[in-house]
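Chain residues, written in single-letter form:
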Amino acid sequence: MKKVHNFNAGPCVLPDQAIENSIEALKDFAGTGMAVIEVSHRSKEWSAVMDECRALWKELLNIPDTHEVVFLGGGASLQFLYVAMNFLENKAGYLETGVWAKKAYKEAKGLGNAFAVASSADKNFSYIPKGYEIPTGIDYFHITTNNTIYGTEIRYDMDSPVPLVADMSSDIMSRPVDVSKYALIYGGAQKNVGPAGVSFAIIRKDALGKVSRYIPTMLDYKVHIDGGSMYNTPPVFPIFVMKETLKWLKGVGGVEAINRLNVEKARILYDEIDRNPLFTGTAAKEDRSIMNVCFVMAPGHEALQDEFLEFAKGQGMVGIKGHRSVGGFRASIYNACPKESVEALVACMQDFERKSK
C-alpha cells in the first residue's frame, strides 16, 4: 500500500494496530466463526467488548464513580440536541468559539432560552474569549474545547459555578482531563478514539433528572445509562474499533504520554510556520490547538497556495487543505498521527521554500 502522511480532520488517521485487529475481527470475531458485524449484540462475546471499552475509558481518563460512559449513534451533532433536552430547563450559556459551538448553541435556542456568554466571532474565531464571567443561575455552561476549523483550543479544565458541559470531539484523550469538573463531556469518535459512526458521552449521573419536559426515549441519557449503551442495537463495528484504539493508547502510555508527544508534534510544526517566510499561522499564539494546526500563505505569497497544495500532495501529504469556509491549510495531528509525518510535512514546507526562491 502506498505510504501517505494522513492529516485529514476526521475521519482521520487511526493506529495501525487498531486497524489490523479490526480486520481480523471482521474475519472471525472472538472465535465465533462470524464477523464482528454479524454477531448478536446480546451475546456474551459482544458484552465483553462493551465492558472492556467502557473500562478503558474509565481507566485512561480516571473517570470517577460519579460519572458513567455511554456510546451512542448520531455523532456529536445529535448530541447538541441531547444536551439541551437533558439539561436545559430555564436558561443556558454558551461560549461561541467556532462553527460547531454555534451549531450546538442553535440547537439549544430551538428548545429554550440560550445565549452566548462570550464570542470570538469578531475576529473570525481566531482566539478563545477571555475576561468573561460565567453567569450563576443558569442551568449549564457549554464549551467546545477544540475548534477544528479555526485551530484554537481550551487546554485546561475551568472552574464553573454552574454545571459545565463540553464538546470534546476533537481533543478527547489527547491530554489528561479532570472529569469531576464536568457535568457532561461528549463528542464524536472520529478524531482520537475511533472511526465515524459512534459518539461518546461521559455523564455525571446526579446532573440528570432536573428538567420537567418530556424527553423522547432515544434522547434520554438515563435510558442509555440504564441500558448499558444497548437500549437499541449499538453501532458495533465503530465501538469495536474504538476499543482497539484505546487499547493502543493504553499501550503507548496513556493520555499523559500521548499529551507529551502531541505537544512536541505541535511545537515542531508551529516552529516551522513561524520561521518560514512563506507561511503564517491564523490562530492567536496563546490559543493554538495542538490537534488542528491552521495556517495560510504569508502576505505577498497568497498566489502560491494552490502550487503548495499540489507540491505537498506530490510529497505524500493528504488532507492539508483548509476547511472550505476559511481556506488555507490545516494539518490535523491527532493522537495516531506519527511524529514522522509531522517532520515530513515540515521538510515539505522547507523544500517548497527553497524551490520558490
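The shown structure was predicted, so the numbers you read here are calculated from the model rather than taken from an experiment.

A.B. asks: Before we move on, can you summarise the environment of Arg 267 with the specific residues and values?
C.D. replies: Assignment of secondary structure puts Arg 267 in helix α7 (residues 254-275). For the pair Arg 267 and Ile 290, spaced 23 residues apart in sequence, the C-alpha separation works out to 8.2 Å.

A.B. asks: So what's going on with the sheet that holds strand β3 (residues 91-96)? Residues and values would help.
C.D. replies: Spatial strand order, β2-β10-β9-β8-β5-β3-β4: seven strands in an open sheet with mixed pairing. Two strands close off the open sheet at either side, each with one partner strand: β2 (67-72) and β4 (113-119). With strand direction ignored, the average angle separating the axes of adjacent strands in the sheet is 20 degrees. With three bridges connecting them, strand β8 (residues 164-167) and strand β9 (residues 184-188) associate as parallel partners. Within β9, the position partnered with Ala 166 by the bridge is Ile 185. In this fold helix α3 (residues 75-87) packs onto β2, β3, β8, β9 and β10 (199-204), with an angle of close to 155 degrees to the strand it touches most, β9.

A.B. asks: Let's hear about the sheet that holds strand β14 (residues 329-332): which residues, and what values?
C.D. replies: Strand order in the open sheet formed by three strands is β11-β12-β14, with antiparallel pairing between adjacent strands. Two strands lie at the open edges of the sheet, namely β11 (279-281) and β14, each paired on one side alone. Neighbour-to-neighbour, the strand axes of this sheet turn through a mean angle of 35 degrees, independent of strand direction. By the bridge criterion, four bridges tie strand β12 (residues 292-297) to β14 in an arrangement that is antiparallel. Across the sheet, the residue bridging to Asn 292 is Ser 332, located in β14.

A.B. asks: Which residues make up the UniProt feature "modified residue: N6-(pyridoxal phosphate)lysine" (unreviewed entry) in the protein, and what values go with them?
C.D. replies: Here the UniProt-annotated "modified residue: N6-(pyridoxal phosphate)lysine" (unreviewed entry) positions come out as Lys 191. Within the secondary structure, Lys 191 is located in the loop between β9 and β10. Here Ala 9 takes part through its backbone oxygen, which lies 2.9 Å from a polar atom of the side chain of Lys 191.

A.B. asks: Requested: an account of the pattern of salt bridges, with residues and values cited.
C.D. replies: Scanning the model with the defined rule gives 23 salt bridges in all. Of the charged contacts, one joins Lys 27 and Glu 24 as a salt bridge, the two residues approaching to 3.5 Å between their closest N and O atoms. In this pair, Lys 27 and Glu 24 are both assigned in helix α1 (residues 16-27), three residues apart and thus about one turn of the helix distant. Classification of Lys 27 as exposed rests on a relative accessible area of 58%. Taking relative accessible area as the criterion, Glu 24 reaches 45% and is therefore assigned partly exposed. In this structure, Asp 351 and Arg 354 form a salt bridge, with 2.3 Å as the shortest nitrogen-oxygen distance. With a gap of three residues between them, Asp 351 and Arg 354 both fall in helix α9 (residues 339-356), about one helical turn apart. Look at the salt bridges and you will find they share partners, linking Glu 52, Lys 243, Glu 244 and Lys 247 into a network.

A.B. asks: An account of α1 is needed here, citing residue identities and associated values.
C.D. replies: Over its twelve residues, α1 runs 17 Å from end to end, which matches the ideal 16 Å to within 8%, given 1.5 Å per residue. Within α1, the full set of buried residues consists of Ala 18, Ser 22 and Ala 25. The arc that holds every buried residue of α1, seen down its axis, measures 55 degrees, which confines them to one face. Looking at α1, the residues exposed on the side facing more than 90 degrees away from the buried face are Asp 16 and Lys 27. Looking at the buried side of α1, the elements it contacts are α6 (236-251).

A.B. asks: Which residues make up helix α2 (residues 44-60), and what are the values?
C.D. replies: Between its first and last C-alpha, α2 extends 24 Å over 17 residues, near the 24 Å set by a 1.5 Å rise per residue. All of the buried residues in α2 are Trp 46, Val 49, Met 50, Cys 53, Arg 54, Leu 56, Trp 57 and Leu 60. For α2, the angular spread of the buried residues around the axis is 155 degrees, confining them to a single face.

Quick notes on the rules
- All residue numbers refer to position in the chain's written sequence, counted from 1.
- Since the coordinates come from a predicted model, pLDDT governs what is reported: local features require at least 70, and pairs of side-chain atoms require 80 or more to be given and counted, while whole-chain, interface and lining totals use all residues.
- Only hydrogens and water are removed before side-chain values are computed, so all heavy atoms of the structure are retained for them.
- Segments assigned H or I by DSSP are reported as helices when at least four residues long, segments assigned E as strands when at least two residues long, and all are numbered from the N terminus.
- One bridge is not enough; two strands pair if DSSP finds at least two bridges between them.
- Note on geometry: axes are lines fitted to C-alpha atoms, helical ones only across the stretch in contact, with angles between N-to-C directions running from 0 to 180 degrees.
- In what follows, residue pairs with any heavy atoms lying within 4.5 Å of each other are defined as contacts.
- UniProt positions are given in the numbering used here, feature names are shortened, and annotations may be inferred rather than shown by experiment.
- Contacts described as polar in this section are N or O atom pairs within 3.5 Å, which, within protein, must combine one atom able to donate a hydrogen with one able to accept it, while residues neighboring in sequence count only if both atoms come from side chains.
- Note on definitions: salt bridges are taken to be side-chain nitrogens of Lys or Arg within 4 Å of carboxyl oxygens of Asp or Glu.
- Buried residues are those whose accessible area, probed at 1.4 Å on protein chains only, stays under 20% of the maximum for their type, while exposed residues exceed 50% and partly exposed ones sit between those limits.
- Here a helix's expected span is defined as the number of its residues, less one, multiplied by 1.5 Å.
- In this description, the arc belongs to the directions extending from the helix axis to the C-beta atoms.

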